[in-house]
Amino acid sequence: MNIKGITSLAKIFSKNSEMQMPEKTLYKVLALVAALGIMIPCCLIVGFISYVMTEALLEAGSPGGGMLFEMQILSAFSMIFGILVIFSVMFFSSDREHFVTLPIPAHHLMMGRFMFAYFAESVMEFLILFSVFIGYFIAIGRNVGIARALHPVSIIGAVLGVVLIPLVPMIYCAIFSLILMASLRKVKDAKIFYRMSSIFLLIFAAVFVYSLRGIGDINMENYVESLGSGDNLFLSTLNVIFFPVPWLAEAISKGSILWLFVYLAGNIGLFAIMFYLGKLLYQQGLYTAASLGSTKKAEIKTKDINEDSQFKASLMKEIRVILRTKAFSGNCAYINLLWPVGIWALFHFTKDKGAISDFISFYQDGKDRAEMIMLIIVIAISFIATALNSIASTAFTREGQHLSLIKFIPVPFKTQLSAKAAVSFIFTYPALLATNIIICYYMKTSVVIGVLYALLMLLAHIISIMIGMMMDSNSPYIEWDDEYSALRGNLNTFFNMAIMMVLSVVVIVLGLLVYELLKLPIAVYYAVMFVSLAIVAIRLLYIGPRRIIQHMKEM
């Protein structure tokens, strides 16, 4: 295996698949805000969870249990969300035809694409895993001493784990890709593959739900107890699927050099299997991908779009692009369902016990502080949900290398802009309204407060849409290889999320200022938030379209 050649290919793919940072001070400031507002808080939260779980499992006699559970959860999510990325990068990158004509062995090309996808997808996971181990070592050090916690083998194992834990699920994704593409030679239909991520998600979710049986009340204490006793079906299943991870947990918790070598051997063995399968199957998989691509294009040519309204035609085009593209449908459209479903699950399973039950009681008793917290949560969800689905912040990026066509098609800029904003509204605001209804139902809020929440959500949603579209129109990322690169490599999505995080913090600070420091009535905080959001939203609706249209003219 030519390591140097594979590494060079991975670097080439990386340079071709990431948006370059615009040479503007604003973007550098946003990059700093994003690091401080997103990455660092996420790492601190994960580290704290690791610390708490390790403390709890130490009492249950399973010091490595919390670390193992978190590593396995991350492995499962890597496999769920990595399968389509690996599939797309390995077989449907836009530069596929160019590279297959070069004198490069097909399996070397596959390994280069795999290494690129592995590192591109795992950067945030590296940081999270680092936080997991930090939380673990702090908890162990507090209980058994720093010397024992910082055993040299344990430290080496943690460093290797940060880099290698995401490797096994990505290897599985590559192996699935190779085998299924070989199978598609006769099927001639890639839909079965695009459903694999949903199948994996359903399987893992079903096993997780099934593991809740027999633990009594569904709460963190009982679940941690099941982890410590070794009776948790979900963790046991993941230990079988991602079998090297328990070996790493043994090496770190016991400082065992033997288990560390066993862990490395397991990773090397899986890597070798992927390499030799690639050598056997990748070339014919590329041929299958080429034939599937030709079939898909032929089908599209037979379809026509006939709309009597320019706005309706533009809107339907935006909706079709999102729903018919797997990367966009999952990450831009269906992700919005997480908010109402997640909020329902939170209230449904915890409304009668724990902190949520206490908070509901405080709110229903008319406690002003509970009302302030509820208002902050509602507005923050609206900001973050709109930025998270990235529909607005990829409004022009989704056009790709055909972006210049927006200047030549016989549709006014304002109409195209309205369609791009409307599609974000259609996919996002109904989910926010459903979330609001669920919150109001469980919190037993009045109809007036429910309507006020809906209006505040709408204002926050408008602000997020306009900021996202202004950023993407100013510096669209059009040189992407595949749709996943358009989302993953687009800095506008990342920066829009950073801005929304900052605005959420501003909302919190206003609450602390108005209610906690100035001791003003909660009604004043409602009024301040409504007026502030309304002014910002109206201002953005006034200047935003003008700037976006000007950017469209310069594209």
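What this report covers is the structure whose coordinates are included nearby.

What counts, and at which threshold
- Residues numbered from 1 in each chain as written.
- Predicted model: local features only at pLDDT ≥ 70, side-chain atom pairs only at ≥ 80, totals over all residues.
- Heavy atoms only, no water.
- Helix = DSSP H or I, 4+ residues; strand = E, 2+ residues; numbered from the N terminus.
- Buried < 20%, exposed > 50% of the residue type's maximum accessible area, 1.4 Å probe, protein only.
- Contact = heavy atoms within 4.5 Å.
- Areas by Shrake-Rupley, 256 points an atom, 1.4 Å probe, with all protein chains shown as cover.
- Polar contact = N/O pair within 3.5 Å; in protein donor to acceptor, adjacent residues only side chain to side chain.
- Axes fitted to C-alpha atoms, helices over the stretch in contact; angles between N-to-C directions.
- Parallel < 35°, antiparallel > 145°, perpendicular 65-115°, else oblique.
- Nonpolar A, V, L, I, M, F, W, Y, C, P; charged D, E, K, R; others polar.
- Left-handed = near helix turned anticlockwise from the far one by under 90°.

What follows concerns the overall build of the protein. Assigned secondary structure in the protein consists of 24 helices and zero strands. Residue burial in the protein is summarised as follows: out of 555 residues, 51% are buried. Taking contacts inside the protein between residues at least 6 apart in sequence as the whole, the part at least 24 apart equals 83%. Counting every atom, the protein has about 26,400 Å² of accessible surface; 69% of that belongs to carbon and sulfur.

Let us look at the environment of Asn492. Assignment of secondary structure puts Asn492 in helix 23 (residues 491-517). Accessibility expressed as a relative area gives 0% for Asn492, which makes it buried. Separated by 100 residues in the primary sequence, Asn492 and Ala392 place their C-alpha atoms 9.6 Å from one another. In terms of polar contacts, Asn492 uses its side chain to reach the side chain of Asp472, at 3.0 Å.

At their nearest, the axes of helix 15 (residues 310-324) and helix 16 (residues 326-333) sit 5 Å apart, and the two run at 100° to each other. With respect to their mutual orientation, helix 15 and helix 16 come out roughly perpendicular. Across from Val321, Ile322, Leu323 and Arg324 in helix 15, the residues of helix 16 making contact are Lys326, Phe328, Ser329, Cys332 and Ala333. A breakdown of the residues in the contact of helix 15 with helix 16 according to their chemical character gives six nonpolar, one polar and two charged.

We now examine the packing of helix 19 (residues 368-388) against helix 24 (residues 522-554). Between helix 19 and helix 24, whose axes approach to 9 Å, the crossing angle comes to 15°. For the element pair helix 19 / helix 24, the angle class is roughly parallel. In terms of crossing hand, the pair formed by helix 19 and helix 24 is right-handed. Contacts from Asp368, Glu371, Met372, Leu375, Ile376, Ile379 and Phe383 in helix 19 reach Ile522, Tyr525, Tyr526, Met529 and Leu533 in helix 24. Of the residues assigned to the contact of helix 19 with helix 24, the class counts are ten nonpolar, no polar and two charged.

Don't take any of this as a statement about function, it's just geometry.
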